[in-house]
Amino acid sequence: MHISSTYKAQFEEAYVSHYARMKRFALQYVIYEEDAENIVQDVFFELWEKQFEFNSIVNLNGFLFTILKNKCIDFLRRKMLKQKAADELQSEYGLTLRLNFDSLEALDNILFNEPDIDTLIQNAIESLPEKCRKIFVMSKIDGKKQKVIAQELNISVNTVESQMAIAYKKLKELLKDFAPSFIFFFI
């Protein structure tokens, strides 16, 4: 790309005579000086890349400020979208913290206010169908892997998995008021 010395002189003149005012203008809207400088630099960079003919514009000042205004709008739009996303994440994080806090408080109350939590859990396990209970005990109490359970009982791993899913579902329903304890003791 060959750039004539005339163009270089026109560009330099526009840059020198408009840069400071454009930066002040942008700074009023984008707040941070570095952002204002970058936006003004972007305006001039685009003009340089397109080899814009400065002599063809009657009101160069108005033209440059229109481009600058649009760049500031784009910048602020992007910032607002980022801020909105950050606010949503923060809000979600806050809700998660609140739920976790409430859950731990409930767990504390359940564990220390329920004198017989072990009996409740044992009774829930005993209420499972025989095959389901046996697989659950082998997995969660004896600590055996699903593959080992399948071999010992001469059944498929899929059967072990489906029986475990049934056990979890039934225990979750039976212990719904004690869900935090259920999670603590079995997961």
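One can find the structure itself at the top, above this paragraph.
Below is a short write-up of the structure. A quick note: this is a predicted structure, and the numbers were derived from the prediction, not measured. Note on numbering: residues in each chain are counted from 1, in written sequence order. Reporting in this predicted model follows two pLDDT cut-offs: at least 70 for local features of residues, and 80 or more for side-chain atom pairs to be given and counted; totals over whole chains, interfaces and linings ignore these cut-offs and use all residues. Calculated side-chain values reflect all of the structure's heavy atoms, with hydrogen atoms and water omitted.

### Some thoughts on the packing of helix H5 (residues 130-141) against helix H6 (residues 146-153)
Heads up, the rule is: Here an angle of 0 to 180 degrees is reported between the N-to-C directions of two axes, which are lines fitted to C-alpha atoms, with helices fitted over the stretch in contact. Numbering of helices and strands starts at the N terminus; helices are DSSP runs of H or I of at least 4 residues and strands are runs of E of at least 2. The labels follow the angle: roughly parallel below 35 degrees, roughly antiparallel above 145, roughly perpendicular from 65 to 115, and oblique for the rest. Put simply, a crossing is left-handed when the front helix is turned counterclockwise from the back one by less than a right angle, and right-handed when it is turned clockwise. Throughout, a residue-residue contact means that at least one pair of heavy atoms, one from each residue, lies within 4.5 Å.
At a minimum axis distance of 10 Å, the contact between H5 and H6 shows a crossing angle of 135°. Relative to H6, the element H5 lies oblique. As for the relative orientation of H5 and H6, their crossing is right-handed in sense. The residues of H6 that touch H5, namely those facing Lys134, Ile135, Met138 and Ser139, are Ile149, Glu152 and Leu153.

### Focus on unusual backbone geometry
Stated precisely, the cut-off is as follows: Burial classes follow relative accessibility: with a 1.4 Å probe on protein chains only, a residue under 20% of its type's maximum area counts as buried, one over 50% as exposed, and anything between as partly exposed.
One non-glycine residue with positive phi stands out, namely Ile31, at about 75°. Looking at where Ile31 falls in the secondary structure, it is placed in the loop between helix H1 (5-30) and helix H2 (33-49). Taking the relative accessible area as the measure of exposure, Ile31 reaches 63% and is therefore exposed. The phi torsion at Gln51 lies on the positive side, around 50°, for a residue other than glycine. Summarising the element assignment, Gln51 is placed in the loop between H2 and helix H3 (60-113). Classification of Gln51 as partly exposed rests on a relative accessible area of 27%.

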